Amino acid sequence: MISDQWLKSACYIDGRWIGADDGQTIPVTNPATGETLGSVPRCGRAETSRAIAAASRAFVSWRGFLAKERAELMFALADALLKEKAALGELLTREQGKSRAEAEGEIAGGAAFFRWFGEEAKRVYGDTIPSPWPGKRIIVTKEPVGVVGAITPWNFPHSMIARKLAAALGAGCTMVIKPASQTPLSALAVAALCEKVGIPAGVVNVVTGSAAPIAAEMCENPAVRKITFTGSTEVGKDLGARALAHMKRVSMELGGNAPFIVFDDADLDAAVKGAMLSKFRNSGQTCVCANRILVQAGVYDAFAAKFAEAVRALKIGDGLAPGVEQGPLIDMHAIEKVEEHISDAKANGARVVAGGVRHPLGGTFFEPTVLTGVTDAMKIAKEETFGPVAPLFRFETEAEAIAMANATEYGLACYFYTNDLGRAWRMMEALDYGMIGVNEGLASTEVAPFGGVKDSGMGREGSKYGLEDYLNIKYALFGGLGV
């Protein structure tokens, strides 16, 4: 049983726990069991407006905190997350479905972001620029953007908030967070921890409810100076256009179609291990997971055999059960998209060598799947599956691999395996992506910039570059100083 200390059924606005004005709620269910975990308020524009007003008032004082004072509160939050990792991990697994090991890893990763940006808060440096005029001096400083509106997805309900909120707090910004309606409980638990460690009222606010009215208020309310969003490219483009109509800053982490490339000279065992990590983490429900596995002809059959064997060995079940590696998909819509992609691939000549059907557990459980003989003519080559389906494409030359990998409007993450140092550099420079894993299947960390190019978004999260996205640059010219 999850403690009431973390299982919240109210929004957190201006340091108070409140319901929706009209009393409406949204049920939250466990995708593994169908169990109703609780409910959260179905808020709209009015409640969001009050949250923004609270964040705006709090910004006046929060930006004035010494960097080390903000850092100390962020360190306390990181410590509290780690102390409650087991309880928060269980909550995350129950509302999202991923394995408990993955969930607890996500909580620990969130804590790392708060600690990292707490340290970076003390390193918001400016510049002096040599003046071209006698008796004048040029100073450049950096200041917090202001109130930030954050809209986060269901697949990583803790870490997607942590890496946005940590950067905002470190920079001196305040935030209003709108979590996904499928997984709002982890966000409210973060708010409860912020309250517990003493982060002032109004600095962090969490509003649950329908996306359309909440997003509209964030985009149109003049007190919000930045919108940060993680989700689909279609929604991101719409939010970006609406925010830019009011000249707000935007950070967008959008869709992906990540290639995972295996060359003839690769260590196949390492490549299989990397592909398993990249493709099947969170049951394939990640924006950076391998969506297209491109294998050079010389090792195609050998890789396919090793990979399929590893996939068949995955343990499927309720994420809270011991040893489970794959939980359910988030809902039936996700199942239907997976089935659509498999059906289309099979109709166009692909062969299922592992999985391919719903799991005997029923519900939204699906067997991890491997397809061979996949071509660019199939839907799965162009659309993000967001599920546990690994399609294997065949290529002959390095130039062909580059062309296939770049033949997409997306540019978030990609991966390749080779033991040729020259090829590694050529590939790194030729691939049109924001993040590249060289002989690695997972590249995310708080110390490096996370983000993409093309239709995969703009801006970066994590690292010193992620902090810059929450800062404005101010130039001051001091005159009258004498010759």
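For the structure, see preceding data.
Residues numbered from 1 in each chain as written. Predicted model: local features only at pLDDT ≥ 70, side-chain atom pairs only at ≥ 80, totals over all residues. Heavy atoms only, no water.

1. Points about the packing of helix α13 (residues 398–406) against helix α14 (residues 421–430)
And step 1. Their axes nearest at 11 Å, the elements α13 and α14 cross at an angle of 30°. Between α13 and α14, the angle falls in the class roughly parallel. In this structure, α13 crosses over α14, and the sense of that crossing is right-handed. For the pair α13 and α14, contact is made by Glu-398, Ile-402 and Asn-406 and by Arg-423, Arg-426, Met-427 and Ala-430, respectively.
And step 2. Tallied by class, residues from the contact of α13 with α14 come to 3 nonpolar, 1 polar and 3 charged. (Axes fitted to C-alpha atoms, helices over the stretch in contact; angles between N-to-C directions. Helix = DSSP H or I, 4+ residues; strand = E, 2+ residues; numbered from the N terminus. Parallel < 35°, antiparallel > 145°, perpendicular 65-115°, else oblique. Left-handed = near helix turned anticlockwise from the far one by under 90°. Contact = heavy atoms within 4.5 Å. Nonpolar A, V, L, I, M, F, W, Y, C, P; charged D, E, K, R; others polar.)

2. Description of the sheet that holds strand β22 (residues 471–478)
And step 1. In space, the 3 strands of this open sheet follow the order β5-β6-β22, with antiparallel pairing throughout. Two strands bound the open sheet, and with one partner strand each, they are β5 (127–129) and β22. Taking the axes of each pair of neighbouring strands and ignoring which way they run, one obtains an average angle of 25° across the sheet.
And step 2. Of the strand pairs in this sheet, strand β6 (residues 137–144) and β22 are connected by 8 bridges, and their pairing is antiparallel. Within β22, the residue paired with Glu-143 across the bridge is Asn-472. (Pairing = 2+ DSSP bridges.)

3. Points about unusual backbone geometry
And step 1. A positive phi is found at Ser-283, a non-glycine position, where the angle reads about 55°.
And step 2. With a phi angle near 70°, Ser-463 is a residue other than glycine that sits in the positive phi range.
And step 3. Its location among the elements puts Ser-463 in helix α15 (residues 463–468).
And step 4. The buried category is assigned to Ser-463, whose relative accessible area is 2%. (Buried < 20%, exposed > 50% of the residue type's maximum accessible area, 1.4 Å probe, protein only.)

4. Digging into the nonpolar core
One broad rule of soluble globular proteins: the nonpolar side chains tend to lie buried together.
And step 1. Phe-114, Leu-165, Leu-169 and Ile-199 are the most contacted members of the largest nonpolar core, which totals 54 residues.
And step 2. Take this core: its biggest share by element is 10 residues, from helix α6 (residues 185–197).
And step 3. In this structure, Leu-169 is in contact with Trp-62, Arg-70, Met-74, Phe-114, Ile-199, Val-203 and Val-204, ignoring residues within four places of it in sequence.
And step 4. Counting 37 residues, the second-largest nonpolar core is a separate cluster that includes Val-262, Ala-266, Ala-308 and Phe-450. (Core = buried A, V, L, I, M, F, W, Y, C linked by side-chain atoms within 4.5 Å.)

5. Points about the sheet that holds strand β16 (residues 389–395)
And step 1. As summarised here, the arrangement of the 7 strands in space is β14-β15-β16-β13-β12-β18-β19, forming an open sheet in which the pairing is mixed. Unpaired on one side and paired on the other, β14 (351–354) and β19 (435–438) mark the two borders of the sheet. Within this sheet the neighbouring strands show an average axis-to-axis angle of 25°, counted without direction.
And step 2. Both strand β12 (residues 258–262) and strand β13 (residues 290–296) contribute to a ladder of 5 bridges, which runs parallel. In the strand pairing of β13, Phe-260 is matched with Ile-293.

6. Regarding the environment of Lys-337
And step 1. Summarising the element assignment, Lys-337 is placed in helix α11 (residues 332–347).
And step 2. Within the local environment of Lys-337, its side chain forms a polar contact with the backbone oxygen of Glu-384, the two atoms lying 2.6 Å apart. (Polar contact = N/O pair within 3.5 Å; in protein donor to acceptor, adjacent residues only side chain to side chain.)

7. Here we look at the pairing of strand β8 (residues 174–178)
And step 1. Burial of β8 is extensive: 5 of the 5 residues sit out of reach of the surface.
And step 2. Burial along β8 is two-sided: the face carrying Thr-174, Val-176 and Lys-178 and the face carrying Met-175 and Ile-177 are both buried.
And step 3. Looking at chain direction, strand β7 (residues 147–151) and β8 are connected through 5 bridges and run parallel. Note that in β8 the partner of Val-148 across the bridge is Met-175.
And step 4. Handedness of the crossover is the feature at issue here: the chain leaves β7, passes through helix α5 (residues 159–171), returns alongside β8, and the resulting connection is right-handed.
And step 5. Direction of pairing for β8 relative to strand β9 (residues 204–206): parallel, over a ladder of 3 bridges. Paired with Met-175 across the bridge in β9 is Val-204.
And step 6. Following the backbone out of β8, through α6 and into the adjacent parallel β9, one traces a crossover that is right-handed. (Right-handed = clockwise from strand over helix to strand, strands pointing away.)

8. Regarding the environment of Ala-86
And step 1. Structurally, the position occupied by Ala-86 is in helix α3 (residues 85–96).
And step 2. For Ala-86 and Ser-343, which are 257 residues apart along the polypeptide, the C-alpha to C-alpha distance reads 39 Å.
And step 3. The residues touching Ala-86, leaving out its near neighbours within four places in the chain, are Arg-100 and Glu-104.

9. Remarks on the pattern of salt bridges
And step 1. In total, this model carries 29 salt bridges according to the counting rule given.
And step 2. Here Glu-119 makes a salt bridge to Lys-122, at a shortest N to O gap of 3.4 Å.
And step 3. Between Glu-120 and Arg-123 there is a salt bridge, with its nearest N and O atoms 3.4 Å apart.
And step 4. Bridged by salt links that share partners, the residues Glu-35, Glu-90, Arg-94, Arg-100 and Glu-104 form one connected network. (Salt bridge = Lys/Arg side-chain N within 4 Å of Asp/Glu carboxyl O.)

10. Overview of the packing of aromatic side chains
And step 1. Scanning the model with the defined rule gives 9 aromatic pairs in all.
And step 2. On the numbers, 6.2 Å between centres and 35° between planes, the contact of Phe-280 with Phe-307 is tilted. A residue pair is termed long-range when its members are at least 10 positions apart, and Phe-280 in helix α9 (residues 268–280) and Phe-307 in helix α10 (residues 300–312) qualify at 27 residues.
And step 3. Relative accessible area serves as the criterion here: at 3%, Phe-280 is assigned to the buried category.
And step 4. An aromatic cluster of three or more residues is present, and its members are Phe-260, Tyr-415 and Tyr-417.
And step 5. Sitting above the plane of the Tyr-300 ring, Arg-394 keeps its charged end 4.0 Å from the centroid. (Phe/Tyr/Trp six-rings, centres within 6.5 Å; stacked < 30°, edge-to-face > 60°. Lys NZ or Arg CZ within 6 Å of the ring centre and 35° of its normal.)

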